[in-house]
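Per-entry structural report
Residue-level listing of the chains:
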Amino acid sequence: MTKIIPLDAQQLHRACDPEQFTFRTTAELADLTDIIGQTRAMDAVRFGSDIRREGYNLFVLGSSGMGKHSLVQQFLESRASREAESADWCYLNNFAQPHKPKTLKLPCGKGEELRLHMERLVDYLRSAIPVQFESEEYRNRINAIQQEYSERQEREITELGEEAGKKEIILLRTPEGFALVPSHNREVIPPEEYDKLPQERKDKIEADIGELQTHLEKILSHLPQRHRERSERIKQLNHEIIRSTAAHMIDELRALYADFPDVLAYFDAVQQDMVMHVDDFRKPDESINISGMSVVTHQTFNNYQVNVLTSNHKTPGAPVVCEDNPTYSNLVGRVEHISQFGALVTHFTLIKPGALHRANGGYLLLDIRKVLMQPFAWEGLKRALQARKVHIESLGQVYSLVSTVLLEPEPVPLDVKVILFGNRLFYYLLQEYDPEFKELFKVAADFEETIERTPENHFLYAQLIATLARKEGLLPYDRHAVARVIDHSARLTGDSKKLSMHMRSIADLLHEADYWARANNLDTVRTSDVQQAIDAQIRRQDRIRDRLYEAIQRDILMISTQGAVTGQINGLSVIELGGFAFAQPARITATTRFGKGDVINVEREVKLSGAIHSKGVFILSSFLAARYAKNQPLALSASLAFEQSYGMIDGDSASLAELCALLSNLANVPVNQALAVTGSINQLGQVQAIGAVNEKIEGFYDICSARGLTGDQGVLIPAANIQHLMLRRNVVDAAAAGKFHIYPVTTIDQAIALLTGLAAGEAGVNGEYPAGSINGLVAARLAELGKISQSFLGNKSLQ
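One structure accompanies this document, and this report is about it.

Criteria and cut-off values
- Residues numbered from 1 in each chain as written.
- Predicted model: local features only at pLDDT ≥ 70, side-chain atom pairs only at ≥ 80, totals over all residues.
- Heavy atoms only, no water.
- Salt bridge = Lys/Arg side-chain N within 4 Å of Asp/Glu carboxyl O.
- Helix = DSSP H or I, 4+ residues; strand = E, 2+ residues; numbered from the N terminus.
- Buried < 20%, exposed > 50% of the residue type's maximum accessible area, 1.4 Å probe, protein only.
- Axes fitted to C-alpha atoms, helices over the stretch in contact; angles between N-to-C directions.
- Parallel < 35°, antiparallel > 145°, perpendicular 65-115°, else oblique.
- Left-handed = near helix turned anticlockwise from the far one by under 90°.
- Contact = heavy atoms within 4.5 Å.
- Pairing = 2+ DSSP bridges.
- Expected span 1.5 Å × (residues − 1).
- Phe/Tyr/Trp six-rings, centres within 6.5 Å; stacked < 30°, edge-to-face > 60°.
- Polar contact = N/O pair within 3.5 Å; in protein donor to acceptor, adjacent residues only side chain to side chain.

Focus on the pattern of salt bridges
Evaluated as defined, the whole model comprises 37 salt bridges. Across the pair Arg254 and Asp251 runs a salt bridge, and its minimum N-O distance is 2.9 Å. Here Arg254 and its partner Asp251 are both found in helix H7 (residues 223–256), three residues apart, which amounts to about one turn of the helix. One salt bridge connects Asp749 with Arg627, and the closest N-O pair in it is separated by 2.7 Å. One end of the pair, Asp749, is in helix H27 (residues 748–756); the other, Arg627, is in helix H23 (residues 611–628), and 122 residues separate them in sequence. Taking the relative accessible area as the measure of exposure, Arg627 reaches 21% and is therefore partly exposed. Three or more residues joined by partner-sharing salt bridges are found here, namely Arg491, Glu695, Glu698, Asp702 and Arg728.

Section: the packing of helix H3 (residues 110–133) against helix H8 (residues 261–276)
The contact between H3 and H8 brings their axes to 13 Å, and the two run at 20°. One finds that H3 runs roughly parallel with respect to H8. Like other packed secondary-structure pairs, H3 and H8 cross with a definite hand, here right-handed. On H8, the residues that touch Leu114, Met118, Leu121, Val122 and Leu125 of H3 are Val263, Tyr266, Phe267, Val270 and Met274.

Description of the sheet that holds strand E26 (residues 636–642)
If you trace the seven strands from one edge of the open sheet to the other, you get E25-E26-E24-E23-E28-E31-E32, paired in mixed fashion. Edge positions in the sheet fall to strand E25 (598–601) and strand E32 (741–745), since each of these pairs with one other strand and no more. Strand-to-strand twist of the sheet, defined as the mean angle between neighbouring strand axes without regard to direction, takes the value 30°. This element, helix H21 (residues 543–553), spans strand E23 (568–577) and strand E24 (580–594) of the sheet and lies at about 40° to E24.

Points about the side chain of Asn312
By the element assignment, Asn312 lies in the loop between strand E9 (307–310) and strand E10 (320–322). Sequence-distant contacts of Asn312, defined by excluding residues within four places in its chain, comprise Ser86, Asp88, Cys108, Gly317, Ala318 and Pro319.

Here we look at helix H6 (residues 199–221)
Side chains of residues three or four places apart in an α-helix project in the same direction, reflecting 3.6 residues per turn. Look at H6: 32 Å from first C-alpha to last across 23 residues, which is about the 33 Å you get at 1.5 Å a residue. Residues of H6 that are buried: Lys202, Ile205, Asp208, Ile209, Leu212, Leu216 and Ile219. If you follow the buried residues of H6, they end up packed against helix H4 (136–166), strand E4 (169–174), strand E5 (177–184), helix H5 (191–196) and H7.

Describing the packing of aromatic side chains
For the coordinates displayed, the defined rule picks out 20 aromatic pairs. Residues Phe47 and Tyr56 carry aromatic rings whose centres are separated by 6.1 Å and whose planes lie at 80° to one another, so their mutual orientation is edge-to-face. By relative accessible area, which is 41% here, Phe47 ends up partly exposed. Aromatic pair Tyr427 and Phe437: ring centres 5.7 Å apart, planes at 75°, arrangement edge-to-face. Linking Tyr427 in helix H15 (residues 424–433) with Phe437 in helix H16 (residues 437–440), this pair joins segments that are 10 residues apart in sequence. The exposure class of Tyr427 is buried, given its relative accessible area of 11%.

Things to note about the side chain of His741
You can see His741 is positioned in strand E32. Judged by its relative accessible area of 13%, His741 falls in the buried class. Looking at His741, its side chain comes within polar contact range of the main-chain oxygen of Gly711, at 2.7 Å. Non-local contacts of His741, meaning those with residues more than four positions away in its chain, are made with Pro6, Gly711, Asp712, Gln713, Gly714 and Val715.

What follows is the structure in structure tokens.
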């Protein structure tokens, strides 16, 4: 078997060479104009924004902090500035059905113009109409009408009086009305004289009075009708005045909006309503007393206002709207209420737009997590996209929770491109469980979290740093500092061949490095400032790691870094808390005994083992049976345990260490405790790559360094993880000095040979392993257990 040699220092950290850069500081670099490494995602964004078909809305996938929202928003704003401006949408009073306001679509800016024109019209009429009604001409015309009817009434009464006089009867006017009394020589006959008249004369007088009375009643019966006629003529006069007063103003407006039939129809309705409610323009402000307070009420003339729901005239191009609080009402709009004398009232002018209205004709950007967290917001958004209309309804109306009469605004036609932002979990859950989602969001833009690490991308990264520095007002970075930022970016990815696209982390590092440079009174950011910022970030979060490592140094947690022990090995796990990951060395022990082929995972038995960890234990159990018990029963019972572990364990990165501990116990060969192991094993005995390899190596190094490096300590890692190594400088230096070693392994045989110092041994033609080799010792022990099993079964059958 080929001897495994430790990795060279150059293989432990792929450093960015600052000499590849021709600039001295980032101040010499131009701003970055292209988007780095997101070709696939941005192609999807371009396609989704270009295609104008139903359901082709976008879902932008990617982890938080990658800058995808800013990138997409900048792209859409640039694109929208070249697109046609969106139309204005207004709500107008519906004079026929006031509870159902009408929508009005106008070219961009026209809605605001119409609102101002209507305000000026009302203001003009409020001042002009009272003047008309107080004019001398109006009073004369009113007096003429009243005089006409008064003279007509007086003429009829006079004629009746003359007719009565011919019959020696006088028509008297009394406070109670008219009275007919007998007379003689134009003098009223007193009652006592009337009684002395002959009966014939009395009968004649009574007959004449009766006839005249009938005539009088006929005249008086016409009075209400004539009052109505007079009132109607006065009303017509009032209508004529307001019509003539408003006509020239409205005619001017008709000329301005001659190309808009809906506006002209609205003007007709306004003019007709104004004529019908002329008295509203004549009423002065009224003062009423409420609880000792004088309140002045004003005529608001809301019916003639124009509620401009949306207008994008101040911004060129199509709107790009970001809604940070996507509640149901913030998305679809709402109808507000105001309190008047203890009651809540509303009006079409209190209709407020939602984000869908503001983005109509353009783009709406939403965070899917925020949308899903708001009650009914997701359903409201889907309903609007499916209907391609925005219905402004309260939740009480939608779910029939209220029976009071509310406004029912006419829905606004919807033409918007919705872009949702969220991580992949939301996207795939919605794809799986919401059948409407895939019909409405047909375009996925999946943002890369890493890019290839090439010289070209190094330069683009330098431009990115220069752009961020100028945008945020940071000091320029020298090329050595840029190289250190690039190295840190690769470390963030956990891959020496990749660079991180997590823009928030990079921007935070730039801000903090700038802070330390200014604190050191420098005019440029240097490598030491970047390193100080990195160290400070770690220092702020490593309290728990320090306490854990302190417990190891004090032997509270038992981890050996020297000597050799059978069936015991140093495994490496990782803890991630608040975005900070660090290694937790763990002692793994294995015991074996006669049994029925069971490998007991102690953590699984007490429900502290995750599914993947349990899978790893089953795989190593399968490997044992396949290699050593092909032709005999596996008469073995084994137990594996993470000692002093009191929490959940998951992942299969300890399966190599567990298998090595098990083989050590079976072969009765001690394991070198100066070495730690990480790696996943498959059923063929091959070592597979694992995650967080840098943190695991550094964690064991920190323990060994604190106890004193001996030159024997090191870590076994999968050979596939070499490309992921971006170790700290002190670890690399220790490896270069031969004080600490990193061994790449590809098989279990390589690992067990390094750990025990004995050759693993390869099976011969007859399938047997060399005596004294690890595999030979394991096979011998299992054969011994097999004989015990056969003997036990034979004795049992004899009984």
